[in-house]
Amino acid sequence: MVSVLQNVAIDCADAYELARFWAEVTGCPLHPEDGPGDPEIDVMLPEGPLLHFNQVPEPKTAKNRIHLCLRPKTSREEEVKRLLGLGAVFVSDRREPDGAGWAVLADPEGNEFCVLRSESDRAAMSS
């Protein structure tokens, strides 16, 4: 017997607003029955688990022990710019001079996530 990963749960102060941010990041819709004021909101990813946003009373106080890593369809640099425009905040630069590495950003509630190299970025490095 095994377990199947159902969702990745993210505690937050405003489930609807944070889910809307992540819906824009991923290009995926919110669950059709979820709306403003709901304490739990799902972003419907096309494959794998849901992103589940759960409204909680306590604020985030420390670095995430688990985080999301994004592999953009465009270049990493273009995606970082796009995400900053959506309201993400730049946290840490882990990019290497040779193009390897990642950028660490945070969503509007401070949850860290990484932006990895795209497949085209990776292919360009191996050429």
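Every value quoted in this text rests on a predicted model; they were computed, and no experiment measured them. (Residues numbered from 1 in each chain as written. Predicted model: local features only at pLDDT ≥ 70, side-chain atom pairs only at ≥ 80, totals over all residues. Heavy atoms only, no water.)

## Quick look at the nonpolar core
Heads up, the condition is: We call a set of buried residues a nonpolar core when its members are Ala, Val, Leu, Ile, Met, Phe, Trp, Tyr or Cys and they connect through side-chain atoms within 4.5 Å of each other. Throughout this description, buried means an accessible area under 20% of the type-specific maximum (1.4 Å probe, protein chains only), exposed means over 50%, and partly exposed covers the range between. Numbering goes from the N terminus for both helices and strands, where a helix is a DSSP run of H or I of at least four residues and a strand is a run of E of at least two. These domain limits were set by an automatic method or by a database of domain assignments. Note on contacts: a residue pair qualifies if any of its non-hydrogen atoms lie within 4.5 Å across the two residues.
Counting residues in hydrophobic clusters, the biggest one holds 25 residues, and the most contacted among them are Trp22, Leu30, Val43, Phe53, Leu83, Leu105 and Phe113. Taken together, the elements giving at least two residues each to this core come down to β1 (7-12), α1 (15-26), β2 (40-43), β3 (50-55), β4 (68-70), α2 (76-86), β6 (101-106) and β7 (112-115). Among the elements that make up this core, the one with the highest residue count is α1 (8 residues). No fewer than three residues from each of domain 1 (1-59) and domain 2 (61-126) sit in this core. When sequence neighbours within four positions are dropped, the list of residues in contact with Leu30 reads Tyr16, Ala19, Arg20, Ala23, Ile41, Asp42, Val43 and Met44.

## Focus: the packing of aromatic side chains
The following threshold applies: Aromatic rings from Phe, Tyr and Trp, with only the six-membered ring used for Trp, were paired whenever their centres fell within 6.5 Å, and each pair was classed as stacked if the ring planes differed by under 30 degrees, edge-to-face if by over 60, and tilted otherwise.
If you walk through the whole model with that rule in mind, you get 2 aromatic pairs. Geometrically, the ring pair formed by Phe21 and Trp22 is edge-to-face, given 5.5 Å between the ring centres and 90° between the ring planes. Per residue, the accessibility class of Phe21 equals that of Trp22, and both read buried. Residue Trp22 is classed as buried on the basis of its relative accessible area of 2%.

## Notes on the domain arrangement of the chain
Often, the extent of an interface is quoted as the loss of accessible area on bringing the components together. Stated precisely, the cut-off is as follows: Summed over both partners, buried area is the accessible surface (1.4 Å probe) that two parts give up on being assembled. Salt bridges are counted wherever a side-chain nitrogen of Lys or Arg sits within 4 Å of a carboxyl oxygen of Asp or Glu. Side-chain atoms alone can form a polar contact between residues adjacent in sequence; in general such a contact is a pair of N or O atoms within 3.5 Å, and within protein one must be able to donate a hydrogen while the other accepts it.
What the domain assignment reports for the chain is domain 1 (1-59) and domain 2 (61-126). One C-alpha centre belongs to domain 1, the other to domain 2; they are set 20 Å apart. On the domain 2 side, the residues contacting the 13 residues of domain 1 number 14 residues. Here domain 1 meets domain 2 over a buried area of about 1,000 Å², counting both sides, of which 71% is carbon and sulfur. On the domain 1 side of the contact with domain 2, Phe21, Trp22 and Val25 bury the most area, a combined 50% of that side's loss. Viewed at the interface, domain 2 and domain 1 are joined by 0 salt bridges. Across the contact surface, domain 1 and domain 2 share 6 residue pairs in polar contact (both at pLDDT 80 or more). Sorting the residues of the side of domain 1 that touches domain 2 by element identifies β1 and α1 as the ones contributing at least two each.

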